[in-house]
Amino acid sequence: MTESEDVAEIRRAVQALCADYPGEYWRAKDAARAYPGEFVDALTKSGFLAALIPEAYGGSGLNLDAAAVIMEEIQAAGCNGASAHAQMYIMNTLLKYGSEEQKRAYLPGIASGELRLQAFGVSEPTSGTDTLSLRTVAVRDGEDYVINGQKIWTSRAEYSDLMLLLARTTPRDHVASKTEGLSIFLVDMRMVVGNGMTIKPIRTMMNHSTTEVFFDDMRIPASALVGEEGKGFRYILSGMNAERILIAAECIGDAKWFIQKATAYANERNVFGRAIGQNQGVQFPIARAYAQMRAAELMVHHAAQVFDAGGNPGAEANMAKMLASEASWAAADMCVQTHGGFGFAEEYDVERKFREARLYTVAPISTNLILSYLAEHVLGLPRSY
């Protein structure tokens, strides 16, 4: 796999930025369950979070494959891109389906860092990944929409100015197809937090800044609607492909971090008079994790290239996310095993990254749903759910 000098320069620039945020920084944030605002601000000022925004709106105008490299390098440096990655993949929906007025109103501010677009309101307690069964409703009332309902696992809601929200605008029993009747809104959270929107943090096994969000007669202007009413589910599908590809790239970065960390430790740690890495029982799992990572890495970049070429990378994006998350988790488990007891000590950062890596075989889509998608849409097997 060869890369252009431009991509190589992106890698070097991200590595240089991340060097200012070593393990001590992330351990402190993890212990306090605090948002890494300084790191996110640095990513913004460097232009990395505006990678997908066209130059006409103040962004870098890069393609998804280049954006994937940014997210990969953040993770490979031991940092946590989950604190900011939503701005990358949410952007796709706004860019493809937002009005010119919406783009001009928000994109320059997002690119400069004046605004943060980090919250994506889709999942609900009763529906989970069954998006078509969501219950949050938006009812048109004159020049406004009035929204009632609840979202869960809406990460970074406390630290975002804008939210991309999916809500039902036509009852499910009033539409010809179950994929119709859902709409996307770009919500200015500065206007509604405490005024129809309530955010409650959810403490999890890793520092992910996730929340549940309640809407109680929340009133937003009709101009917040993105695209056509009732077409929202189709709009977010493309964004979900971008999301899966970018998170898959993060998983590749995590796997590289675990492999490098384990390799260094196996070379340095001496037991019974020799480096533990000389033992096949130690070196073979590291080598296997490396091979698994490289295979997944190829699929990630292939999926991004299909996306950038204007194709429908549904299968590729799902396979990339599944293979990369499994490679990352295998590397995480190997890294803990290689370190032995020290793998559980905070100062090595392995246990923190281990907890963070565990998320991605579950979210943003579980491995079982990916397998169901491939079985039905690629292999032609009967729908299983």
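Just so we're clear, the structure is a prediction, and the values are computed from it rather than from any experiment.

Some points on the overall build of the chain
Helix and strand counts for the chain stand at 12 helices and 10 strands. Whereas a compact globule of 385 residues would reach a radius of gyration of roughly 21 Å, the chain reaches 21 Å, a difference of no more than 12%. Counting all 385 residues of the chain, 56% fall into the buried class. Pairs at least 24 residues apart make up 73% of the contacts formed inside the chain by residues separated by at least 6 positions. As presented, the chain carries roughly 16800 Å² of accessible surface, and 52% of it is formed by carbon and sulfur atoms. Averaging the locations of the 36 positively and 46 negatively charged side chains of the chain gives two centres separated by 4 Å.

What to know about unusual backbone geometry
Put simply, Ala-363 and Pro-364 share a cis peptide bond, and its omega is 5°. The topology assignment puts Pro-364 in the loop between helix H11 (350-358) and helix H12 (367-378). Of note in this structure, Trp-153 is not a glycine but carries a positive phi near 60°. Position of Trp-153 relative to the elements: it lies in the loop between strand S3 (144-152) and strand S4 (162-168). One non-glycine residue, Arg-156, lies in positive phi territory at about 65°. For Arg-156, a relative accessible area of 4% corresponds to the buried category.

A look at the packing of helix H8 (residues 232-268) against helix H9 (residues 280-308)
Axis separation between H8 and H9 bottoms out at 9 Å; the angle between their running directions is 155°. Taken as axis vectors, H8 and H9 run roughly antiparallel relative to one another. Here H8 and H9 pass one another in a crossing that is left-handed. Residues Ser-238, Ala-242, Ile-245, Ala-248, Ala-249, Ile-252, Ala-255, Lys-256, Ile-259, Ala-262, Thr-263 and Ala-266 of H8 form the contact with H9, whose participating residues are Val-282, Ile-286, Ala-289, Tyr-290, Met-293, Ala-296, Glu-297, Val-300, Ala-303, Ala-304 and Phe-307. Tallied by class, residues from the contact of H8 with H9 come to 19 nonpolar, two polar and two charged.

Here we look at H12
The first and last C-alpha atoms of H12 sit 16 Å apart over 12 residues, in line with the 16 Å expected at 1.5 Å per residue. Buried residues of H12: Thr-367, Leu-369, Ile-370, Ser-372, Leu-374 and Ala-375, and no others. Its buried side turned inward, H12 meets helix H10 (314-339). Directly beyond the C-terminal end of H12, a positive phi value near 80° is found at Gly-380.

Focus on the pattern of salt bridges
The tally for this structure, following the rule as stated, stands at 23 salt bridges. In this structure, the salt-bridge partner of Glu-73 is Arg-11, at a minimum N-O distance of 2.5 Å. Placement of Glu-73 in helix H4 (residues 64-76) and of Arg-11 in helix H1 (residues 5-18) is noted, with a sequence separation of 62 residues between them. Neither residue differs from the other here; Glu-73 and Arg-11 are each classed as buried. One salt bridge in this structure joins Lys-256 and Glu-297, with 2.9 Å as the shortest N-O distance. On the criterion of sequence distance, the pair formed by Lys-256 in helix H8 and Glu-297 in helix H9 is long-range, its members being 41 residues apart.

As for a nonpolar patch on the surface
Among the surface-exposed residues, Val-378, Leu-379 and Leu-381 lie close enough to one another that they form a single nonpolar patch of about 300 Å² accessible area. Here Leu-379 lies in the segment after H12.

Notes on the pairing of strand S7 (residues 211-221)
Note that S3 and S7 share eight bridges and pair antiparallel. Along S7, the bridge assignment pairs Val-146 with Arg-219. Where strand S6 (residues 197-201) and S7 come together, five bridges link them in antiparallel fashion. When the bridges of S7 are listed, Pro-201 appears paired with Thr-211.

Reading the values: rules and limits
- Residues numbered from 1 in each chain as written.
- Predicted model: local features only at pLDDT ≥ 70, side-chain atom pairs only at ≥ 80, totals over all residues.
- Heavy atoms only, no water.
- Helix = DSSP H or I, 4+ residues; strand = E, 2+ residues; numbered from the N terminus.
- Rg over C-alpha atoms; globule rule 2.2 N^0.38 Å.
- Buried < 20%, exposed > 50% of the residue type's maximum accessible area, 1.4 Å probe, protein only.
- Contact = heavy atoms within 4.5 Å.
- Areas by Shrake-Rupley, 256 points an atom, 1.4 Å probe, with all protein chains shown as cover.
- Lys, Arg positive; Asp, Glu negative; His and termini not counted.
- Charge placed at Lys NZ, Arg CZ, Asp CG, Glu CD.
- Axes fitted to C-alpha atoms, helices over the stretch in contact; angles between N-to-C directions.
- Parallel < 35°, antiparallel > 145°, perpendicular 65-115°, else oblique.
- Left-handed = near helix turned anticlockwise from the far one by under 90°.
- Nonpolar A, V, L, I, M, F, W, Y, C, P; charged D, E, K, R; others polar.
- Expected span 1.5 Å × (residues − 1).
- Salt bridge = Lys/Arg side-chain N within 4 Å of Asp/Glu carboxyl O.
- Patch = residues over 30% accessible without salt bridge, like charges linked within 9 Å, V, L, I, M, F, W, Y side chains within 5 Å.
- Pairing = 2+ DSSP bridges.

The values reported here are purely geometric and, on their own, carry no functional implication.
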